[in-house]
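For reference, the chains in residue letters:
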Amino acid sequence: MDDFPIDKIQISGATLASLLHRSSAAAGDIHGYLFGHATISTPNPLSDHPTTTTTASLLIASITSFLSLPSHLPLPPPPPATDSTALLGWFSARRKTPLRPSLKDSTTTVSLSSSPSLAFIPQNSTLSLPPSLFLLITTPFPDQTIHTHEYKAFQYKGNAFEPKSLSIVNLGPSFRSQYDSFSPNVQFPMMDCELRGSNAMVEDENGENRADKKRQLKDQKQLDACAEGFELGRLSKLMASEAAYTGELEDLYDKMLAKIDGLSRLVEQTNAKVMEQENHNMRLRYRVAGLE
Amino acid sequence: MAIDTVPPLIAAQLNYLVSHCPFSVKVEQMWSGCKNPSLLDRFTLVIPYCLDYIKWDVVYNAMYPLAAPDIIFGPEDENFQPFCGGTDKSSKNSLTEWNSKDPARLLSLIIELRDAYMLYQRRRIGEVDDERLKFEISTMPSREGIEMYLSSGTEKPEEVKFAVPLLDMDLNKLVAGSTWRHPQKICLQVIFPVGKKYSTAPAPRLKLISSAELKALFSIEDFRLPPWLDGMCTAEYLPALEEMLESQIKEAVSSIETRRKFIMALTPHFGRPIETDPVFCRRATFLASSGVFTFLVHFSFSLQFPKQQPTIVLQSSQHFNPHNAPVKSPNLAEYPWSPRWELLEMAERIFDFMAEECLNFKKYCNQMNQQ
């Protein structure tokens, strides 16, 4: 079960960038889980050559998201796999260290890939795959301005780390064929709302029970709060005369600008608070470390 | 905060390791892995293994010095994965329940890992397909502390190196009052090439290696290894070698006493030495004078004393060269000497020689000053 080789590891440019940013922004070293999915694809060689009878299927792992925390904290128990995302493996980011798995890396990888409860089943296949992926992120020894990160992906297979190439998938023409691999798969809760206002005939349908109606009302309230006065009824006015259209649109934009302004101010304030808290934490840490 | 500090908790562990380790561990370099580059929390340890060194990087975290360190092994040891696969019994190791307040923790971790490394190398060599090696391992006497190493480079042929500690005696106790901190050892290095047929296998490469401080007592370079006969194995070779070595070491220890007696024989003539090496008696310095000319006489004794006569250097205490250093004579090794003389006669003859030689030296000093 654990000796099935992964042929290709894919990661979207955005995910890798955010992973690298997270590791360089962290105060110390970090580690965490890598989530995504694996698929078995049978490449169809578009060749007229009759002898090419390649029926070998490729196992492709795509990393779509991650979860990170400082290295000194142990990894939490991994969440149960869902249909769309599985635990593929984990990563470790440590500054200025050789690009080789360490003692901790190997023990963690072994325990992850050898626990049968974490194994998942790749799409359109029947085999079961353990989370055997390991991504190592380091920074080069002399501080450099351009070359700031190094990374290497491994699959732990047969009691050894096998280096694997990591292919980065960026948006662009070549991305089209892989659109499905990186489509968002987080499900929003369904909000059962009606187009009220536009239709006055929202009379009671007596068959519905009260609880259902109550929930519906709550959802509607939430939606209205987000719309901030621009509920569907008002939007429909945009379809009316030209003068009304310009006025309404300007009003809409003003409100949006005000909202963005308010949001950015909020972000600024919270950032300042976070910064203050981090500095405070740093001072506490220094005191614990006996550096004061 | 001082520039380039090691957080105290980490420094305590590292200092304890360096000062208490049974083998001599060195720190090769230290650097920082956190955002504040003056906090050093990573270092490379140079650990002696199998008469060579292995380098391990120890990765602490200056931000969280309470956390256990991580170790990165050498690039050729990627398959060395200790503490893995431990189910319940073996899962307890130095890293579980790490206590950053206990300065001995890093030491016990390194010792445990080095032991694991020893087993790892032994396992690798057991897997090598070579008849002679299999035989060697099975017949290798069950003595303590044999270290082995399989070197497999891409450009070099595969070799297995054994480091066999010789002489089951405590060399530190042989020499009264020795100041050796680490246990002194003499090891035989045996290097076997891998993959040869037993019948055509060439003799292994042999070399005696001693700890550096032992050179004051016994010179390993002067020891002639007995020949390795065709078809021999290490277990056959060792007893004769050890016997020879043991008798020579005993001789070396007794020659300390000879040198001490000789220095004592010099005292009636030169007065009490102003400086001597009290442990190995390899050097002695006397203050002498001829009229108003005062000078120092430095004796240095080779390990072959009394077969080889001591080397004498005279040093004036009144004349200085242009660099303001006292004028010294060249090494004096040509003077009447016979190893068959009694120690008292040796001392007397040297004193007689010195009575003449000091006049030459005085002349030499005056010439130097006039220039």
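Only a predicted model underlies this, so the values are computations on that prediction, with no experimental measurement involved.

Reading the values: the criteria
Residues numbered from 1 in each chain as written. Chains lettered and ligands numbered in written order. Predicted model: local features only at pLDDT ≥ 70, side-chain atom pairs only at ≥ 80, totals over all residues. Heavy atoms only, no water. Helix = DSSP H or I, 4+ residues; strand = E, 2+ residues; numbered from the N terminus. Buried < 20%, exposed > 50% of the residue type's maximum accessible area, 1.4 Å probe, protein only. Areas by Shrake-Rupley, 256 points an atom, 1.4 Å probe, with all protein chains shown as cover. Salt bridge = Lys/Arg side-chain N within 4 Å of Asp/Glu carboxyl O. Pairing = 2+ DSSP bridges. Axes fitted to C-alpha atoms, helices over the stretch in contact; angles between N-to-C directions. Contact = heavy atoms within 4.5 Å. Core = buried A, V, L, I, M, F, W, Y, C linked by side-chain atoms within 4.5 Å. pLDDT = per-residue confidence, 0-100. Buried area = accessible area lost by both parts, 1.4 Å probe.

Draft legend 1. Summary view of the overall build of chain A. For chain A, the helix and strand inventory stands at five helices and eight strands. Written out in order from the N terminus, the α and β elements of chain A read β-α-β-β-β-α-β-β-β-β-α-α-α. The burial tally for chain A puts 33% of its 292 residues in the buried class. With the model as given, the accessible surface of chain A reaches about 18,400 Å², and the carbon-plus-sulfur share is 58%.

Draft legend 2. Fine view of the pattern of salt bridges. Counted under the stated rule, the structure contains 16 salt bridges over all chains. With a closest N to O distance of 3.5 Å, A:Asp261 and A:Arg265 form a salt bridge. Of this pair, A:Asp261 and A:Arg265 both sit in helix α5 (residues 242-288), four residues apart, which is roughly one turn of the helix. On the basis of relative accessibility, which here comes to 48%, the residue A:Arg265 falls in the partly exposed class. As a salt-bridge pair, B:Asp41 and B:Arg42 come within 3.4 Å of each other at their nearest N and O atoms. B:Asp41 sits in the buried class, given a relative accessible area of 0%. Judged by its relative accessible area of 0%, B:Arg42 falls in the buried class. When salt bridges that share partners are traced, they join A:Asp29, B:Asp41 and B:Arg42 into one network.

Draft legend 3. Here's a closer look at the sheet that holds strand β6 (residues 150-157) of chain A. Residue and element names in this part refer to chain A. One open sheet holds the eight strands; their spatial order is β7-β6-β5-β4-β2-β3-β1-β8, and the pairing between them is mixed. Looking at the sheet topology across the chains shown, the edges are occupied by β7 (160-164) and β8 (166-169). Between one strand axis and the next, the sheet turns through 35° on average, direction left out of account. Bridge count between strand β2 (residues 30-41) and strand β4 (residues 86-94): seven bridges; the pairing is antiparallel. In the strand pairing of β4, leucine 34 is matched with glycine 89. The sheet strands contacting helix α1 (residues 13-25) are β1 (8-12), β2, β3 (58-70), β4, β5 (133-138), β6 and β8, and the helix crosses β3 at an angle near 30°. Where helix α2 (residues 103-113) meets the sheet, it contacts β2, β4, β5, β6 and β7, and its direction lies at approximately 175° from that of β4.

Draft legend 4. Fine view of the nonpolar core. Residue and element names in this part refer to chain B. Phe162, Ile186 and Leu217 are the most contacted members of the largest nonpolar core, which totals 68 residues. Sorting elements by how many residues they give to this core places helix α5 (residues 234-270) first, with 13 residues. Among the nonpolar cores identified, the runner-up in size contains 29 residues, and Leu45, Tyr60, Leu109 and Tyr149 belong to it.

Draft legend 5. Just the confidence of the model for chain A, in detail. Residues and elements named next belong to chain A. Averaged over all residues, the pLDDT of chain A equals 80, while 81% of them reach at least 70. When mean pLDDT is compared element by element in chain A, β5 scores highest at 94, while helix α4 (residues 232-235) scores lowest at 70. For residues 197-205, every residue scores under 50 in pLDDT, and the model assigns this stretch four contacts once sequence neighbours within four places are set aside.

Draft legend 6. Molecular detail of the sheet that holds strand β12 (residues 311-320) of chain B. All names here are of chain B. Reading across the sheet, the five strands line up as β9-β10-β11-β12-β13 and stay open at both edges, with antiparallel pairing between neighbours. Lying at the two open borders of the sheet, with one neighbouring strand each, are β9 (275-276) and β13 (326-328). For strand β10 (residues 283-290) and strand β11 (residues 293-300), the ladder comprises eight bridges, and the chain directions are antiparallel. The residue bridging arginine 283 from the neighbouring strand is serine 300, located in β11.

Draft legend 7. Highlighting the interface of chain B and chain A. Facing 36 residues of chain B, the contacting portion of chain A comprises 34 residues. Summing the contributions of chain B and of chain A, the shared interface buries around 2,900 Å²; its carbon and sulfur component is 62%. For chain B, the biggest contributors to the area lost against chain A are B:Met63, B:Tyr64 and B:Ile72; these three give 21% of the whole. Inspection of the chain B/chain A interface yields one salt bridge.

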